[in-house]
Amino acid sequence: MPTQNVILSIIIAAHNSDEYLQDTLQSLLAALGADIGRCEIILVNDASSDGTASILRAFAQSTPQAHYYAVEFTNLGKVRSFALAHSQGEYVTMFDSDDLLKSGSLGEILTFLAQKKPSLLLTKLQEVRDLGTADKTWKGLKTKTLLADEAITRFLIHKDFQAHLIGQFIHRDLLLSSPMPDFTCYEDFYIFPEILTKATTIVFSSESHYLYIKRADSLSNSPSEKKIHNLFVCTEKMDALFGKKFHDLVLCHWLDIQLKRKKWITDREQLNTLQEKVQETRRIRFFINPSVRFSYKKKAAVSLYRDKIGQGLYLASFLLAILSVVFTLISTSIQRELFYFSGYAALLGLFAERKNLKWPKKDLSYAIMLIGVVKIIWTLILYRHEHTYALGFIQLNSGKKLIFGGALIFYITQFSHYLASFNYRKYLLSGFALAFVLATGYGLYQIHHGMDRIALSTNRATIAAYIYSALSILLIYLLLIFKKTVNHHITLMAVITISFLVIIMMGTRAAILAHLLMISLMMLFHFRKIYLKPLLIVMVLLGFGVGMSYGKYIKPKIEQTDSEIALYQNGNDQSSLGSRFSLWYVGLNIFSQHPFGNTVEGRHMQAAEIIVHDPGNRTAMEYIDTHLHNELLEAASLQGIVGLLTVVLFYVYIISQSLVRKNTPMLLIGCCIIVYGLSDVLLVSSESILFFMVCIALFTKMPPVKASAAPNPVGSRLIRHAN
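Residues numbered from 1 in each chain as written. Predicted model: local features only at pLDDT ≥ 70, side-chain atom pairs only at ≥ 80, totals over all residues. Heavy atoms only, no water.

### Section: the sheet that holds strand 10 (residues 202-205)
As summarised here, the arrangement of the 8 strands in space is 3-2-1-4-9-6-10-8, forming an open sheet in which the pairing is mixed. Strands with a single pairing partner mark the edges of an open sheet, and in this sheet they are strand 3 (66-71) and strand 8 (143-146). With direction set aside, neighbouring strand axes in the sheet form an average angle of 25°. Bridge count for strand 1 (residues 8-14) against strand 2 (residues 39-46) is 7 bridges, and the pairing is parallel. Bridge assignment links I10 to a residue of strand 2, and that residue is I41. Sitting on the sheet, helix 5 (residues 148-156) is in contact with strand 8 and strand 10, with an inclination near 110° to strand 8. Sitting on the sheet, helix 7 (residues 187-198) is in contact with strand 6 (120-123), strand 9 (169-171) and strand 10, with an inclination near 125° to strand 6. (Pairing = 2+ DSSP bridges. Helix = DSSP H or I, 4+ residues; strand = E, 2+ residues; numbered from the N terminus. Axes fitted to C-alpha atoms, helices over the stretch in contact; angles between N-to-C directions. Contact = heavy atoms within 4.5 Å.)

Written out as structure tokens, the structure reads:
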């Protein structure tokens, strides 16, 4: 058959379509009838594992105009590009392998194409959900020539046709000038707007020859992150291509993505772009544009209303969470109330945003809630006969807080796109700076009024020191990422020095040892190198502070530590360190003997049996009913190996995710929880649970900050003048 006689190339791409393919091919033959000689049929089998290949091969053998190809792309965009490259027709149309054509329709269309020579013949697709009731009668072409602007407008309002290549007849040169992307879905949407702008003659037929059968398992009915990413890219390209003249109509497409597809968008830049586009639908111009359908104006108004509610609830939850941090070390009752108010706002936000909820397969909030669930189930099972849950109440209470905190974290992180609507870093800096100033002032007040150790509102110097240390480190990070000025650098040095001196006055040895090390770790992870000048300045300031406090605070602690270790080695555990050593020894023995868990009362009895044989650890009995001063041992000795694994899972997840995402504050929060959890129970203590849950919520989705220069209070002024 000579190449010049081929008016139309019909491309059929098939993947595992044997259920419908036979009917599709028969309908094609019926649609062509005697005019089949003016066509070629390109059949492409794309990596099918059913009977598709044999059906296509048999059809090609019995139909001289058919050409069969087999590929392994599993990508519709690639398949169609491949088929186009192997086609010879003056015009090209696509035919899905599970759709049908009306009998006798293509003969008239072929004649029209041969005589009128349009750049583009568009036809209205007949969507079919019930094939039994569908109109299958061909009534002939009903054509109208469209100007380019009219065609674009009809396309954008979905009045007559959409961005489908199926059922449309496109001059081959137009398709070749608009390369198809390697998309598995929306590959036609990517090039269709460009085809409209390039076409010189556009004809539209209101009579449909094509039965577009809508099936539940079709690609467009099963959204995914990848597919919606493609949809976003296509819409962005279309917006740029059509320009200002059609911008309001394109905004309708952005609004559809916002209302129907947003939950599958994970890229922060795309979310920000989408928010900007939706904001444009709230301008007067959009509402008074006569081309914009009333239904979209209504959607824009409803979206505005919902967004205001969603944004308001998110902002309320975020600010209340920050305020709970401010009061953590000043008033535990106010901290608790603000935490719960923040959580209630989060729950209302989750309800308001329920249609936009995404459930990621893995999330840090899941690991936290899992610890809480295990604690609650443990209490409900082992204390089911106790009306007030006896000594298990502490674990039950901490489990509830962990689940509530996990829900807060989930909400704050899942809807983090709202962060773009306000200066959240400024709020964080202001909140943490105020918390630091208030806590430091309160601590100095306690020392001034004769307290031996600063305990702040917790009345427990150890927990206070761990929270204060984490608070200070996060404030130092926030100061680092703000604009580098002399005042910021001076403040940064002051916070490092003052925080260390206050921790010394708290007398908590773990915090004294770890605080500066974790600040150094934070600096290294953030800058990825060591800067000697700021390091030396900090060391000099700290040296001065240590020298001033050595005699009163540091030297006694060193002597106390040496003395307590010596006493314990001689069988006397009646000291702070000695009691911890005893608790750890007893807890490890209990876990090894009862790896599947215990009640608190059962742990007490088992500890008593251990002490009988090893009286050198008898002080453990004074604290055994409270906790074991170690997060892992506390979970292991009560909830058994399951409880231990949930805590370890949380530790591993928070550190690994912070490293993968290069999230410096998240890494430091994780390190504080792990390091300080070696000598206390931060996931049991009420104040520490609330504080660290809020910190995780506030910093988990903070985007990585590109490190510039390290703090340099001397050089920064010179650089500013030089610029």
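Once you've had a look at it, read on.
### Overview of a nonpolar patch on the surface
On the surface, V373, I377, I381 and L382 cluster together into a nonpolar patch covering about 310 Å² of accessible area. Within the secondary structure layout, I381 lies in helix 14 (residues 364-382). Taking relative accessible area as the criterion, I381 reaches 45% and is therefore assigned partly exposed. (Patch = residues over 30% accessible without salt bridge, like charges linked within 9 Å, V, L, I, M, F, W, Y side chains within 5 Å. Areas by Shrake-Rupley, 256 points an atom, 1.4 Å probe, with all protein chains shown as cover. Salt bridge = Lys/Arg side-chain N within 4 Å of Asp/Glu carboxyl O. Buried < 20%, exposed > 50% of the residue type's maximum accessible area, 1.4 Å probe, protein only.)

### Here's the deal with the packing of aromatic side chains
Inspection of the entire model under this criterion finds 31 aromatic pairs. A centroid spacing of 5.1 Å and a plane angle of 20° characterise the contact between W359 and F410, whose relative ring orientation is stacked. With a gap of 51 residues between them, W359 in the loop between helix 13 (332-352) and helix 14 and F410 in helix 15 (residues 393-414) connect regions that are remote in the sequence. With a relative accessible area of 4%, F410 lands in the buried category. (Phe/Tyr/Trp six-rings, centres within 6.5 Å; stacked < 30°, edge-to-face > 60°.)

### Looking at the nonpolar core
Among the nonpolar cores identified, the biggest contains 98 residues, and F318, L428, F432, F650, I696 and L698 are the most heavily contacted of them. When residues of this core are assigned to their parent elements, the largest contribution, 17 residues, is made by helix 17 (residues 461-481). Those residues in contact with I696 that lie beyond four places of it in its chain are L364, I368, I409, F650, I654, M666, I669 and I673. Counting residues in each nonpolar core, the second largest holds 94 residues, with I42, L165, L196 and C234 among its members. (Core = buried A, V, L, I, M, F, W, Y, C linked by side-chain atoms within 4.5 Å.)

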